[in-house]
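If you want the building blocks of each chain, they are given just below.
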Amino acid sequence: MSQGMVTPKRVDLHVVDPQQEELILVLDFGGQTAQLIARRVRDRNVLAQLVRHDLSAERIRELRPKGLILSGGPASVYGEHSPQIDPKILDLGIPVLGICYGMQLACQAQGGAVRPGHAREFGRKELRVTQRNPLFDGVPDTSTVWMSHGDQVENISADYVELAGTDTCRFAAVKHKTQTIYGLQFHPEVTHTAFGTQLLENFVKNVCGCRGTWQISSLIEREVAALRARVGNSRVICGLSGGVDSSVTAAILYKAIGSQLSCIFVDNGMLRKGELEKVRSRFLNHFRTDLHVVDASERFLSELKGVADPQQKRKIIGRVFIEVFRKEAESIQDARFLAQGTLYPDVIESGGSADGPAATIKSHHNVGGLPEELGFELIEPLRDLFKDEVRRMGLELGLTEELIWRHPFPGPGLAVRCLGVITPERLTALREADAIVLEELRKAGLYREIQQAFAVLLPVQSVGVMGDGRTYEDAIAVRAVTTDDFMTADWYPMPYPVLQKMSTRIINEVRGVNRVVYDISSKPPSTIEWE
């Protein structure tokens, strides 16, 4: 790092320029699937951005969207402090689609009545289309939809017509007679709605007139040009974790600035089996970039000695990581920028977007929580992209499918999967068990079918028998989940023969383990990770 350090600040290098793209705005009312709506629209090659529910009509006019989607939410529209829209947005002449709460809000604003439903609807229901409309092109007269509401529109005003209903919800789909305003009581964005994707495509293309120009290849060209212009002759440091986000960040930086990129990989001693070797091979052979590998495993393990509390583990790992990274960064001359693999959901959840949802769900810090006091200007090339878009970008940039579809791995590494105190012996056992789990998944052709799988070393011992001797040894839990967004997840129904192979191999090959259990908890109420 050079001595004449610049004033720390965030550099907004956006992959997306709404003025150059067909834009759909998703107004967020706090629904769990608001981000999913935006993702589904982007799947139709149309840019969608999540914004505050109370964004003014004037600001919306400035952004020039082709359409507006009002998301669902947990509140009741007739509640005293319920989130509301600027009513002027309904008169902008921009097509509007209200979903669940969004539909109730639009209908109430234009003379309809919303009341608690006679029967609450949670789950699949049969939808019957009563009036054909371009919104329902390609959707059969009867189909399955996903409901999740207690309130519903009891009466619509004379300005609206009903398009579809269920046996307990007459107004499951409605449209304004003269304005291009639609409402759906069900959720088209979730996979449980059979023709939900078709409905969203019909809205953004048939109703809003979008052509579908959102392409990853053009985004790469635009971002590469923006990076070159911003960085100039300076050097950029990228903190690598070995995961998808930091790898794609490094890949697009390498395409833009080549040898001006320096990457730092910190070995904290809690990596998966063979992880360090894979990172070295990938970045030295594929990118041929300046890679700094820092072996700080002894320091991490020393600081974690005797610590069992998971929150304390995380704090120690974060603090030590910053100290190690800082020291290595100081050895890199002319470094002005720090690149992070921040994604669009991180920006949304941390309140990092000017027009984004105002409520901060969590504070987000990439690269182990590196503070701005390091003195770098931050570059976040992926901050406008969802995970699936990052994967597509990575493939376009030439990264391997093995890396792109790698299961997520927590920042603290095996430390949060080694429950209880951490010792080199316990980490070795966990590392070997985890490698067996992943190897057997690949052999069975299940790795891509499952979104995350791993082993957990439990802080309990149990009695076993090996040969003619009694054992009292550790237990391993195997966790495997399927999910679309990692906000909710279902446990994976692992075939018994695969579980049997995992269990047999772990008990036979991992010293100190005599029992294997399978985690059949879903999220919620459980979390994916154990700590």
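It should be noted that the structure appears before, not after, this text.
An account of the accompanying structure is given in this report. Given the structure is predicted, the values throughout are model-derived calculations rather than measurements. (Residues numbered from 1 in each chain as written. Predicted model: local features only at pLDDT ≥ 70, side-chain atom pairs only at ≥ 80, totals over all residues. Heavy atoms only, no water.)

Notes on the side chain of S247
Along the chain, S247 turns up in helix α6 (residues 244-257). Excluding residues that lie within four positions of it along the chain, S247 makes contacts with G242, R282, F283, L399 and L403. (Helix = DSSP H or I, 4+ residues; strand = E, 2+ residues; numbered from the N terminus. Contact = heavy atoms within 4.5 Å.)

Quick notes on the pattern of salt bridges
Per the stated rule, a full pass over the model turns up 32 salt bridges. Between K273 and E432 there is a salt bridge whose closest N-O contact spans 3.1 Å. Of this pair, K273 sits in the loop between β12 (261-267) and α7 (275-287) while E432 sits in helix α13 (residues 424-443); the two residues are 159 residues apart in sequence, bridging distant segments of the chain. Using a relative accessible area of 46% as the deciding quantity, one classes K273 as partly exposed. Residue class for E432 comes out partly exposed when judged on its relative accessible area of 28%. Two residues, D519 and R479, come together in a salt bridge whose shortest N-O distance is 3.3 Å. You can see D519 sitting in the segment after β19 (513-518) and its partner R479 sitting in strand β17 (residues 469-482), a full 40 residues away along the chain. According to the relative accessible area criterion, D519 is buried, its value standing at 10%. For R479, a relative accessible area of 0% gives the class buried. Here the residues in one salt-bridge network are E439, E440, K443, R505 and E509, joined through shared partners. (Salt bridge = Lys/Arg side-chain N within 4 Å of Asp/Glu carboxyl O. Buried < 20%, exposed > 50% of the residue type's maximum accessible area, 1.4 Å probe, protein only.)

Thoughts on the state of the cysteines
Using the criterion set out here, one finds 0 disulfides in the structure. Unpaired in terms of disulfides, C100 finds its nearest cysteine sulfur in C169, a separation of 9.3 Å. The closest cysteine sulfur to the non-disulfide-bonded C210 is located on C208, 5.5 Å from its own sulfur. Residue C210 is classed as buried on the basis of its relative accessible area, which comes to 5%. (Disulfide = S-S within 2.5 Å.)

Points about α13
Taking 1.5 Å per residue as the helical rise, α13 with its 20 residues ought to reach 28 Å, and the 29 Å between its terminal C-alpha atoms agrees with that figure. Regarding α13, the residues found buried are R426, L427, A429, L430, R431, A433, D434, I436, V437, L438, E440 and L441. Among the residues trailing α13, G445 stands out with phi positive, at a value near 70°. (Expected span 1.5 Å × (residues − 1).)

Some details on α6
Along its 14 residues, α6 runs 20 Å from first to last C-alpha, staying within 8% of the 20 Å computed at 1.5 Å per residue. All of the buried residues in α6 are V244, D245, S246, S247, V248, T249, A250, A251, I252, L253, A256 and I257.

A look at the packing of aromatic side chains
Tallied over the full model, the rule gives 3 aromatic pairs. Here the aromatic rings of F29 and Y101 are separated by 5.3 Å at their centres, their planes lie at 40°, and the arrangement is tilted. Here the residue F29 occupies a position in the loop between β2 (23-28) and α1 (34-43), and Y101 occupies one in helix α3 (residues 101-109), the gap between them amounting to 72 residues. Its relative accessible area of 5% is what places F29 among the buried residues. Residue classification places Y101 among the buried positions, given a relative accessible area of 1%. With a centroid separation of 5.9 Å and 25° between ring planes, the pair formed by F321 and F325 is classed as stacked. In this pair, F321 and F325 both sit in helix α9 (residues 310-329), 4 residues apart, roughly one turn of the helix. For the pair F321 and F325, one class covers both residues: buried. Positioned over the ring face of Y182 is K175, at 5.5 Å from the centre of the ring. (Phe/Tyr/Trp six-rings, centres within 6.5 Å; stacked < 30°, edge-to-face > 60°. Lys NZ or Arg CZ within 6 Å of the ring centre and 35° of its normal.)

Examining the nonpolar core
Of all hydrophobic cores here, the largest spans 69 residues; its most connected members are L27, I89, V236, L240, V248 and M393. With 8 residues, the single largest contributor to this core is α6. Aside from chain neighbours lying at most four places away, what touches V236 is V231, L253, I257, Q260, L261, S262, F337, A339 and I379. Among the nonpolar cores identified, the runner-up in size contains 51 residues, and V320, L446, L457 and L499 belong to it. (Core = buried A, V, L, I, M, F, W, Y, C linked by side-chain atoms within 4.5 Å.)

Focus: the pairing of β2
Burial analysis of β2 places 6 of its 6 residues in the buried class, the great majority of the element. Side chains of β2 alternate between two faces, with L23, L25 and L27 and I24, V26 and D28 buried alike. The pairing of β2 with strand β3 (residues 47-52) spans 6 bridges and is classified as parallel. The residue of β3 that forms the bridge with D28 is R52. Of the crossover connections in this fold, the one passing from β2 over α1 to the parallel β3 is right-handed. In the sheet, β2 pairs with strand β4 (residues 67-70) via 4 bridges, with the strands oriented parallel. Along β4, the bridge assignment pairs I24 with G67. (Pairing = 2+ DSSP bridges. Right-handed = clockwise from strand over helix to strand, strands pointing away.)

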